[in-house]
Amino acid sequence: MASKKANFAVVGHDQPRLDGAHKLTGRSLFTDDVVLPGMLHGKIVRSPFPRARILSIDTSAALALPGVKAVITHADAPKLYVGIEQPLFRQEIVNYIGDEVAAVAALDEATAAEAAALIKVEYEPLPALFTIQAALKPEAFLIHAKAQGNIAWQQAQDLGDVEQGFAKSAHVRTDHYTTHASHNCYAEFHVAIADWSLPDKLSMYTPTQTAILFQKSLAGALRLSDGQVRIMSLNTGGGFTGRTSVRPHHYVAAVLSRKTGRPVKVRATADEEFIACRAGGEVKYTFRTGVAETGQIKAFEVDISFDTGAYVESQMIVLTLTSSYMHSLYKIEASRYSGRLVHTNNIPYYFHHGGGLAQMAFGLGQHMDALARELGMDPIDFHLLNGVTKGHTSMTGTFFGSCGLAECITKTAKQAGWKRKYGKLPPLKGIGIGVGAMASGAKGVFKHDTSAAFIKIVDDGTMSLFVGLPDMGQSSHTAMAMIAAEVLGAQTTDITVISGDTDIVPLDVGAFIQRGTFNTGNAVKAAALDARKQLEVLAAARLGVKASQLVFRDRQVYPKGEPEKAIPLKKIVYDTLHSREGRAVMGRGFYNSPKESGTMAYSFGAQIAEVTIDPDTGFVTVDRIVASHDVGRAINPRIVEGQIDGQIFSGMSQVLYEETLLENGQVMNPSRLDYRLPRSYEMPKVEHIIVESIDPFGPFGAKEVGEGPIVCTLPAVANAVANALGEPVNEMPITPWKILQILGRRTKAKA
């Protein structure tokens with residue numbers, strides 16, 4: 001579906017992935033494909049106890065094993081910290097099942113595994129805490145002395161007069177929700193190959209969403225300068241907000257490589273994936289909302305407790321994200337936020353796909369839906385009444401230069417047949433709506449939010465585009481090439497995108513907080529405009545017009561309105577390079593939000609789900625989802641639809657299927673066989689509606705579509721289930737067992 005709002009040659013038209021053939025034929029390279037000369041293999045020795053005192057470590061048997069080249073413990077890296085109060089290797093107390101105690105490097109992976117098993121660690125088991133409730137009890141012991149009350153981090157914020165807002169409310173509702181631990185389930189396991197064979201240069205291959213932050217973290221911890229660390233990311237087999245920070249295995253690979261003087265590869269096993277991932281932990285939510293008789297929100301309060309597990313690395317960002325989410329979606333007069341990260345002796349947690357916001361939306365969406373029903377309002381009308389609009393400035397200071405939320409809601413409701421279905425479906429069939437918003441990048445988490453780009457054009461008109469953005473999701477590199485091609489009058493296939501090496505590509509904070517299309521896209525557009533300006537000098541002289549009158553389109557350059565005078569783009573490039581000046585065409589550009597903090601733009605979406613519940617099994621079938629998303633402008637509509645599909649699958653999976661089962665800190669289902677995920681045939685019919693609000697700050701008006709749709713999917717499916725059952729399920733995932741309990745309780749009550 002091409003954009004109808006402008007006459008673009010490339011932008012707004014369907015384009016295949018630039019790397020489609022490579023991905024299809026298996027020629028795309030991932031970290032696990034890399035083999036370096038002399039490369040060793042590393043294995044990590046982990047604690048089998050959730051909390052215990054280390055009495056002794058005997059590495060002699062491992063060192064005596066033929067093929068073993070190094071064994072490291074806390075003594076080899078005593079000042080190396082992964083996170084707050086988290087040394088790379090534990091010396092005295094281990095705090096979760098999987099805590100790093102030692103590591104080995106050997107000639108092959110089998111020998112490394114055998115050597116790791118030979119390391120004898122004597123432990124004294126200690127009492128442990130496994131739930132948020134247990135950790136917050138006044139009498140609970142402290143997992144870390146500096147985390148008083150076992151609260152690792154907390155954030156509180158009042159905006160407006162909250163008490164007065166509730167006092168003036170005609171109706172107040174309070175709800176409690178729980179989301180359970182889950183796992184990101186990447187296609188590519190955690191892996192790192194470190195080469196520190198040269199004393200002044202550490203090179204590392206690893207999948208990542210942000211090479212620059214990996215570079216800085218490794219440099220800081222290992223006492224190197226940024227330029228002494230080289231990160232090469234190749235292709236990344238799934239991120240889902242889970243590859244944004246350096247993990248212990250990265251440091252382990254580096255220390256082993258430094259000790260052996262050879263490259264070392266550390267790769268997680270299937271079981272270790274559930275330890276290394278830092279996925280989502282259990283979260284407790286309490287929502288309280290006060291509304292006027294008309295349904296207008298007067299005051300809102302949320303209290304959130306996150307199980308952050310044994311350690312905090314950079315998880316505090318989830319408090320920042322969730323604290324402002326309500327203001328991105330609704331107009332509110334007063335709000336209160338209280339959030340905290342709580343230490344337990346579970347594996348360290350971060351968050352699943354959706355950045356903590358999708359999981360919050362599971363409860364928030366049901367809370368607002370229930371509130372609307374209590375008021376006798378259609379949820380559609382409630383969202384339209386309270387939703388943000390273009391030109392609105394929120395209490396957090398965000399200005400909405402574009403907003404297609406109302407258009408998303410009305411178009412989705414019409415296509416789904418909401419009015420003729422809501423409240424009128426047969427028993428155990430339900431329909432529900434979910435609405436959401438998502439930032440297109442955000443400033444304030446770091447000192448800057450810069451993306452840079454560089455483009456080189458050679459004699460034949462082909463181009464090399466250098467970006468620091470990794471290729472994530474539905475091919476962000478294809479979108480970058482399309483933006484450059486539109487500016488320069490080229491075709492996407494004329495452009496080779498080069499990325500994944502911090503020694504070569506320019507600065508980019510990375511592919512998270514949905515900043516790729518917006519931030520890097522703006523940088524690419526600026527670089528392309530810089531290159532175009534260099535070409536305009538010769539083209540304007542040849543055509544006898546001002547540079548402002550030139551059109552670059554379809555590999556040609558011509559005066560506006562006079563395509564018959566066109567000169568091939570490659571001739572302009574060739575003649576510029578071979579002129580007396582000998583100018584090589586190299587464009588550069590960067591983008592850093594002008595805001596002190598916050599985002600320049602939000603995307604918005606609405607989804608309506610229809611479900612059927614099997615009364616015998618409790619199984620929920622998602623029959624249909626109508627999904628709309630305000631993307632500003634669809635750079636590549638085909639890719640936008642693919643992003644929506646992927647996030648619906650992931651959102652449906654989280655709300656109905658996914659749960660990391662833990663028993664006394666031990667993951668009980670650490671495999672793709674036991675960790676439940678939907679199969680491809682369980683994907684519902686999806687109908688796409690692309691809404692284009694043309695954002696004034698995005699490249700060609702574009703905004704994010706990286707995680708915006710998923711925050712709509714979870715509440716849409718949850719509300720549809722609640723509609724089918726006649727009551728909500730306040731825990732995620734909504735498993736068949738939970739539904740059977742509700743149905744069984746009703747049957748028993750009738751009897």
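Structure's up top.
So, here's what we can say about the structure.

Conventions we followed
Sequence order as written defines the numbering, with residues in each chain counted from 1. Residue-level local features of this predicted model are given only where pLDDT is at least 70; pairs of side-chain atoms are given and counted only at 80 or more, and the full residue set underlies all totals for whole chains, interfaces and linings. As a convention, hydrogens and water are excluded, and side-chain values are obtained from all of the structure's heavy atoms. The secondary structure listing takes helices from DSSP runs of H or I that are at least 4 residues long and strands from runs of E that are at least 2 residues long, numbered from the N terminus. Within these notes, the globule rule equals 2.2 Å times the number of residues to the 0.38 power, and the radius of gyration is based on C-alpha atoms. Under the scheme applied here, a residue whose accessible area is under 20% of the maximum for its type counts as buried, over 50% as exposed, and between as partly exposed, the area being computed with a 1.4 Å probe on protein chains only. Should any heavy atoms of two residues lie within 4.5 Å, those residues are counted as being in contact. Exposure was quantified through the Shrake-Rupley algorithm and a 1.4 Å probe, taking into account, for residues, occlusion by the shown protein chains and nothing else. In summary, the charge assignment counts Lys and Arg as positive and Asp and Glu as negative, without counting His or the chain termini. Taken as the charge location is NZ of Lys, CZ of Arg, CG of Asp or CD of Glu. Salt bridge, as used here, is a side-chain nitrogen of Lys or Arg placed within 4 Å of a carboxyl oxygen of Asp or Glu.

1. A word on the overall build of the chain
So, step 1. Scanning the chain from N- to C-terminus turns up 19 helices and 31 strands.
So, step 2. Computed over the C-alpha atoms, the radius of gyration of the chain is 27 Å, within 12% of the 27 Å expected from 2.2 N^0.38 for a compact globule of 751 residues.
So, step 3. Along the first, second and third principal axes, the C-alpha set of the chain runs to 85 × 75 × 50 Å.
So, step 4. Counting every position in the chain, which comprises 751 residues, the buried fraction comes to 62%.
So, step 5. Taking as baseline every contact in the chain between residues at least 6 positions apart, the subset at least 24 positions apart corresponds to 80%.
So, step 6. Only carbon and sulfur atoms are counted for the fraction: they give 53% of the accessible area of the chain, which is about 28,500 Å².
So, step 7. The distance from the centre of the 76 positive side-chain charges to the centre of the 75 negative ones in the chain is 4 Å.

2. Quick look at helix α6 (residues 211-221)
Because an α-helix packs 3.6 residues into every turn, residues spaced three or four apart end up facing the same way.
So, step 1. With eight of 11 residues buried, α6 is to be regarded as a mostly interior element.
So, step 2. Looking at α6, one finds that the buried residues are Ala211, Ile212, Leu213, Phe214, Gln215, Leu218, Ala219 and Ala221.
So, step 3. Buried residues along α6 sit in contact with β4 (81-83), β12 (201-205), β13 (229-232) and α7 (248-260).
So, step 4. Looking one or two residues past α6, Arg223 carries a phi angle of roughly 60°, positive in sign.

3. Notes on the environment of Val467
So, step 1. Along the chain, Val467 falls in strand β20 (residues 463-467).
So, step 2. Val467 gets classed as buried once you look at its relative accessible area, which sits at 0%.
So, step 3. Considered as a pair, Val467 and Lys331 are 136 residues apart in the sequence and their alpha carbons are 37 Å apart.
So, step 4. Not counting the four nearest positions on each side in its chain, Val467 is found in contact with Ala452, Ala453, His477, Val497, Ile498, Ser499, Gly500, Val505, Pro506, Thr520 and Val524.

4. So, the pattern of salt bridges
So, step 1. Evaluated as defined, the whole model comprises 47 salt bridges.
So, step 2. With its nearest N and O atoms 2.9 Å apart, the salt bridge here joins Asp449 to Arg515. Of the two residues, Asp449 is situated in the loop between β18 (429-439) and β19 (451-457) and Arg515 in the loop between β21 (495-498) and α15 (516-543); the sequence distance between them amounts to 66 residues. Across the pair, exposure class does not vary: Asp449 and Arg515 are buried alike.
So, step 3. Arg555 serves as the salt-bridge partner of Asp494, at 2.8 Å between the closest nitrogen and oxygen.

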